[in-house]
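Observations on the model geometry
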Amino acid sequence: RWVGALHPVTLVIDEICAIFRELGFTVATGPEAETEWYNFGALNFPPDHPAMELHDTLYLGADTLLRTHTSPVQVRTMQRVAPPVKVLIPGTVYRRDFFDATHAPAFAQIEGLAIDEGISFADLKATLSEFARRFYGRSRRVRFGPSY
């Protein structure tokens, strides 16, 4: 007799979404097949950006591709919802990578978007700290290190 179960990645994504819902975020999803405009243009990618080349992106047609990140859902959310916005965007994204121990052509990505008056870096830091404590355990120490 076959017994099914959710994939471990799905379980982790569900847990992450539950934590962010408790922090006041809603969850948004969008199409995995996107136009160049939503995937690149609306996000101010320059026309000659390397990510837009055929060797990096999986094109389905002249202007249609498999999304390379979940950011097009940010654009769609901002078109649909007036601020304030607090949204978490999980989804599968696609890159023209050969499958090996460190790469896969499809993988899960999660990003968040918060738009409101008075939001600052302190809000981002507090949100990420609280998420880390809930996800990894309250006894875990959270610290941030600058990069780039």
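Values in this document were obtained by computation on a predicted structure and should not be read as measured data.

Cut-offs applied
- Residues numbered from 1 in each chain as written.
- Predicted model: local features only at pLDDT ≥ 70, side-chain atom pairs only at ≥ 80, totals over all residues.
- Heavy atoms only, no water.
- Core = buried A, V, L, I, M, F, W, Y, C linked by side-chain atoms within 4.5 Å.
- Buried < 20%, exposed > 50% of the residue type's maximum accessible area, 1.4 Å probe, protein only.
- Helix = DSSP H or I, 4+ residues; strand = E, 2+ residues; numbered from the N terminus.
- Contact = heavy atoms within 4.5 Å.
- Phe/Tyr/Trp six-rings, centres within 6.5 Å; stacked < 30°, edge-to-face > 60°.
- pLDDT = per-residue confidence, 0-100.

What follows is about the nonpolar core. Judged by nonpolar contacts, I13, I16, C17, I19, F20, L23, F25, L88 and F131 together constitute the single largest core of 9 residues. Among the elements that make up this core, the one with the highest residue count is helix α1 (residues 8-22) (5 residues). Once you skip the residues sitting within four places of it in the chain, F131 turns out to touch I16, I19, F20 and L23. Listed in part, the 6 residues of the second largest apolar core include V73, V85, V87 and I89.

Let us look at the packing of aromatic side chains. The description of two aromatic rings rests on the distance between their centres and on the angle between their planes. Following the criterion strictly, the structure yields 6 aromatic pairs and no others. Where W37 meets Y38, the ring centres are 4.9 Å apart and the plane angle is 80°; that geometry is what we call edge-to-face. Note on Y38: relative accessible area 16%, which makes it buried. Seen in terms of ring centroids, F135 and Y136 are 4.8 Å apart; in terms of plane orientation they differ by 90°. Their pairing is edge-to-face.

Attention shifts here to the confidence of the model for the protein chain. Looking at the protein chain, the pLDDT average stands at 92 and 98% of residues meet or exceed 70. The least confident element of the protein chain, judged by mean pLDDT, is helix α2 (residues 36-39) at 92; the most confident is strand β1 (residues 26-27) at 98.

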